[in-house]
Amino acid sequence: TVCMFNTVQMNLNVSSPGTFEYNWWPAYLYDDPTTEDPNITVQESGWDGVTVSNVGGGCAVGSDSVYIHVIGGAIESVFLQTSANTVCLPDSTLLSASVNQLIGVDDFGGGLDPNLWDDADGEIISAICGSVSGDALYFNGAINRYAETSDFDVSNGGSIGFYIKVATGSAPCDDAEFGEDVFLQYSTDGGTNWIPMATLIESSYPSYTYLSIPIPIAGQTANTRFRWVQPVFSGFDEDVWMLDNVSISTINATGLNFTWAPAGLVDDVNSLSPNAFPDTPTWFVFEVSQGACQYTDSIFVNGNPEFELNTSNDTTTCSPEQLLLSTTPTAGTGYTYLWEPASFISSSNLTSSVQANSAINDYLYVTVTSPLGCFQKDSVFLSSVELELEITGDTIFCLGQSGLLSSSITNPSNVAYDLQWLQDGVPYGNGVSIQIGPQTATYILEVSDLNSSCVWSDTILAELNDFSVNAGPDTTLCSLLGYVLPGSTSAQNPIFGWSNSQFLNNANTLNSSL
């Protein structure tokens, strides 16, 4: 037992193994009559069945049927919309539900319903060429063929639902030829003027096909009537066509109970148009009830969780150093990053962390985008203090010598600074230059900005080149010829020079002979 216009999924169980073909009947009632479990939208009570054939199984054929009992229900359809398919929290999307309630129905059982129809011509009530159930409205007249409704209040919008079939056989179900189409029209002036609403091509409906056609905005008035008409046909009992289960519905939620789910993600579960706040991809389900009948529809909305950015603070860079900047979303994964301007970045500007150039006095902007397209922006202001430093002076000393180390400072930012010299890590002075003695030591010059935390430094190694020389002991010789002078030194790679060179074979070697 189901309510009118509810959709039911058939449940077929074939107990034998094999590969099967399915044929549900009446075929035109199903979304796909060749599948195992098709959907059927029911309007009238009746028998529905299926024939199952075992592919390759010879005569292995089985069939079964079920009786579907239709009770009440005056809801033709439910239509859901959303103002945004993707929501980036804390934003929301407006859900809206439209409920089409029936205001006129005729299944042609017992003739034309005077509450629905105002006029008709060229028609009879008959199932001679088939029907959805019972009788249909069969058009075979010789002069005119049309069916015209009374005026209805469809000022809120709505739809026209009906089954149509255009014959494809021979009399009394003669095939309609090219150009012998059926037109659905509407009139807002009592039928004086008719405006096209749909063209029903004769070749498109060889079997009963259900159509639900929205009423155009221009036709949404308090007094609108509708007409099916076939202007061109060959004559009596030729080019025939049929209508069945005609309905007119209008958007109207009066007298209905409805609710949304999930309840925690909408601001009003009993509103036709609540605001929704999904933080993940979510199906929103709308359920409307009318007496014992319930109807549902659903709509999918991509939800992105709210997130913020934890980005590096505004800071001062001490040129020529580079600064590592980073940003981290507070929720979610799979983000893409864009830092701008790219000219301020020495690394890739498409990662969460970047190396910023030193000489910047401007904003650096970052845009972080989620996989669903939601984004947040943040900025960092970088102020740059530029100063270049170099130690100059003598760095090699002989024993007994001294020297001068000086500071060479380029100061484009006009930094106010202090100087501090260190000798092997121990404070040594704070002037622009220092006097250093003959010893090996490492000297560091530190320049500190008085207005920021910037400190620049340079380092130099001063070396004492100290060595010993020993010409050997004084000696008395009986013969000078061939005596080798026993000179020695601790110097590395020295240049030698003996005095009284006229007495030596080579005055420029350490151990020269007389």
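Above: the structure in question.
Because the structure is predicted, anything quoted here is derived from the model rather than measured. (Residues numbered from 1 in each chain as written. Predicted model: local features only at pLDDT ≥ 70, side-chain atom pairs only at ≥ 80, totals over all residues. Heavy atoms only, no water.)

1. Here we look at the overall build of the protein
Here is step 1: Each helix and strand counted, the protein has zero helices and 41 strands in total.
Here is step 2: Radius of gyration (C-alpha) of the protein: 49 Å, far over the 24 Å computed for a compact globule of 514 residues.
Here is step 3: Taking the principal axes of the C-alpha coordinates as reference, the protein spans close to 160 × 65 × 45 Å.
Here is step 4: For the protein, with 514 residues in total, the buried portion stands at 39%.
Here is step 5: Taking the intrachain contacts of the protein between residues at least 6 apart in sequence as the baseline, contacts between residues at least 24 apart amount to 61%.
Here is step 6: Counting 5 positive and 56 negative side-chain charges, the protein places the averaged centre of each group 27 Å from the other. (Helix = DSSP H or I, 4+ residues; strand = E, 2+ residues; numbered from the N terminus. Rg over C-alpha atoms; globule rule 2.2 N^0.38 Å. Buried < 20%, exposed > 50% of the residue type's maximum accessible area, 1.4 Å probe, protein only. Contact = heavy atoms within 4.5 Å. Lys, Arg positive; Asp, Glu negative; His and termini not counted. Charge placed at Lys NZ, Arg CZ, Asp CG, Glu CD.)

2. Thoughts on the nonpolar core
Here is step 1: One finds Leu95, Trp260, Phe284, Phe286, Val288 and Tyr295 to be the most contacted residues of the largest nonpolar core, which totals 48 residues.
Here is step 2: Ranked by size, the runner-up nonpolar core spans 29 residues in total, among them Phe162, Leu184, Tyr186 and Ile215. (Core = buried A, V, L, I, M, F, W, Y, C linked by side-chain atoms within 4.5 Å.)

3. Digging into the sheet that holds strand β6 (residues 61-68)
Here is step 1: In spatial order, the strands read β3-β5-β6; together these three strands make up an open sheet with antiparallel pairing. Both outer strands of the open sheet, β3 (20-25) and β6, are each paired with one neighbouring strand and no more. Across the sheet, the mean angle separating the axes of adjacent strands is 15 degrees when strand polarity is ignored.
Here is step 2: Pairing of β3 with strand β5 (residues 46-54) involves six bridges; the strand directions are antiparallel. Within β5, the position partnered with Trp24 by the bridge is Val50. (Pairing = 2+ DSSP bridges. Axes fitted to C-alpha atoms, helices over the stretch in contact; angles between N-to-C directions.)

4. Considering the packing of aromatic side chains
By convention here, two paired aromatic rings are described through the distance between centres and the angle between planes.
Here is step 1: Here the structure, examined in full by the defined rule, presents 17 aromatic pairs.
Here is step 2: Consider the rings of Phe5 and Tyr210, whose centres lie 6.3 Å apart with planes at 55 degrees: the pair is tilted. Taken as a pair, Phe5 in the loop between β1 (2-3) and β2 (7-9) and Tyr210 in strand β18 (residues 209-214) lie far apart in primary sequence, 205 residues in all.
Here is step 3: With relative accessibility at 9%, the residue Phe5 sits in the buried group.
Here is step 4: The class of Tyr210 is partly exposed, set by a relative accessible area of 25%.
Here is step 5: Judged by centre distance (5.1 Å) and plane angle (55 degrees), the rings of Tyr163 and Tyr210 are tilted. (Phe/Tyr/Trp six-rings, centres within 6.5 Å; stacked < 30°, edge-to-face > 60°.)

Limitation: the analysis is restricted to geometry and does not speak to function.
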